[in-house]
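Commentary on secondary and tertiary structure
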Amino acid sequence: MAQKGNRQRTKVVVTRKLPDNIETRMAELFDVQLNLADKPLGKEGLMKAVQTADVLVPTVTDNVDAEVIAAAGKNLKMIANFGAGVNHIDTKAAHEKGIVVTNTPGVLTEDTADLAMALLLSVPRRLFEGEKILRAGEWTGWTPTFLMGHRIQGKRLGIIGMGRIGSAIARRAKAFNMAVHYHKRTRLPEDVEAELEATYWDDLDEMLSRMDFVSVNCPLTDKTHHLLDRTRMKKLQPHAVIINTARGEIIDEEALADLIEVGRIAGAGLDVFEQEPEINPKLLELDNVVLLPHMGSATVEARMAMGEKVLINIRAYADGHRPPDRVIPS
């Protein structure tokens, strides 16, 4: 990779269309190959990209697995992910090959938390059902018992994973006078717990059985894949609602759809899915499930900030410094 002061420019391959300002800045700083068509490269395209790049800039739609990394040319020294989650990158294989992996944490926290709260509000208040009836021309006017939902004030919210996003959701929930509960591998410090007015549960099953709402905000790992499986979701009360803005694979979607269909769970708000962009057909048939196309960080501000972090990480490494957002495999 070219270092500061060298004549050769760093070759950066970007796998998807990024905000115009970010792409322009990349073109100024590096020898950049853009994807203006904004279509996923697929396995073959990724393997070609890593053979020519000094730096690969993938997104959540790119499966940068061990096979792709093994195909990398000797010049590939960095994978600068456009996004916070890196479960689509084999970080262990990259580390073993001496390839640095970075991500973009922090900058999408508030936007994702906003969307989680929007889902949390929309499901119990039946907003999707109301909007659907209105657009179909089926609304005949106000009646006392039409589309009655449930308030969220005073309800219990169980957050699975109390990191940046989980904590941001907790602060919003507190403003709605919800009781905040959480499950996490390591308990928060006492002062943080007090500030969030959050109750800690070491046992996830015990927490789930007492919650009105559950928000999934943990990372996807081997241990959290299908963390909410059929058996565990059966512990929820029938009026409970599940919100997922983390990763689709954390929930057994087939089981979730079945349990909602028979009234065993009241509903769900989902921004992520197991087989994106494919959606489980059962979920599409349920009116008490709100489905969004993975848009948790889809604000101009968040996407620009993500791009800026990618640029900072690449520049730091190209200049011989440690990137601020380096990901070390566990």
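Remember, it's a predicted structure, so these values are computed and weren't measured experimentally.

About the cut-offs
Residues numbered from 1 in each chain as written. Predicted model: local features only at pLDDT ≥ 70, side-chain atom pairs only at ≥ 80, totals over all residues. Heavy atoms only, no water. Patch = residues over 30% accessible without salt bridge, like charges linked within 9 Å, V, L, I, M, F, W, Y side chains within 5 Å. Areas by Shrake-Rupley, 256 points an atom, 1.4 Å probe, with all protein chains shown as cover. Salt bridge = Lys/Arg side-chain N within 4 Å of Asp/Glu carboxyl O. Helix = DSSP H or I, 4+ residues; strand = E, 2+ residues; numbered from the N terminus. Buried < 20%, exposed > 50% of the residue type's maximum accessible area, 1.4 Å probe, protein only. UniProt positions renumbered as here; feature names shortened; annotations may be inferred. Contact = heavy atoms within 4.5 Å.

Section: a nonpolar patch on the surface
A surface patch of nonpolar side chains, amounting to about 520 Å² of accessible area, comprises Leu134, Trp139, Trp142 and Phe146. Mapped onto the secondary structure, Trp142 falls in the loop between helix H6 (127–135) and strand S6 (156–160). Of the residues examined, Trp142 reaches a relative accessible area of 70% and is grouped as exposed.

Describing the UniProt feature "domain: D-isomer specific 2-hydroxyacid dehydrogenase NAD-binding" (unreviewed entry) in the protein
The residues that UniProt annotates with the feature "domain: D-isomer specific 2-hydroxyacid dehydrogenase NAD-binding" (unreviewed entry) are residues 117–296. Secondary structure content for residues 117–296 is 31% helix and 16% strand, and the end C-alpha separation is 11 Å.

Quick notes on the environment of Val123
Within the secondary structure, Val123 sits in the loop between helix H5 (109–122) and H6. Not counting residues within four places of it along the chain, the set of residues in contact with Val123 comprises Val241, Gly267, Ala268, Gly269, Asn288 and Val290.

Quick look at the pattern of salt bridges
Per the stated rule, a full pass over the model turns up 21 salt bridges. For the salt bridge of Arg16 with Asp38, the shortest nitrogen-to-oxygen distance reads 3.0 Å. In this pair, Arg16 is assigned in the loop between strand S1 (11–14) and helix H1 (20–29) and Asp38 in the loop between strand S2 (31–33) and helix H2 (42–52), connecting sequence segments 22 residues apart. Take Arg16: its relative accessible area is 15%, and that puts it in the buried class. As a salt-bridge pair, Asp325 and Lys309 come within 3.3 Å of each other at their nearest N and O atoms. With a gap of 16 residues between them, Asp325 in the segment after helix H13 (300–318) and Lys309 in helix H13 connect regions that are remote in the sequence. The class of Asp325 is buried, set by a relative accessible area of 9%. Members of the salt-bridge network, linked through shared partners, are Arg230, Glu254, Asp258 and Lys282.

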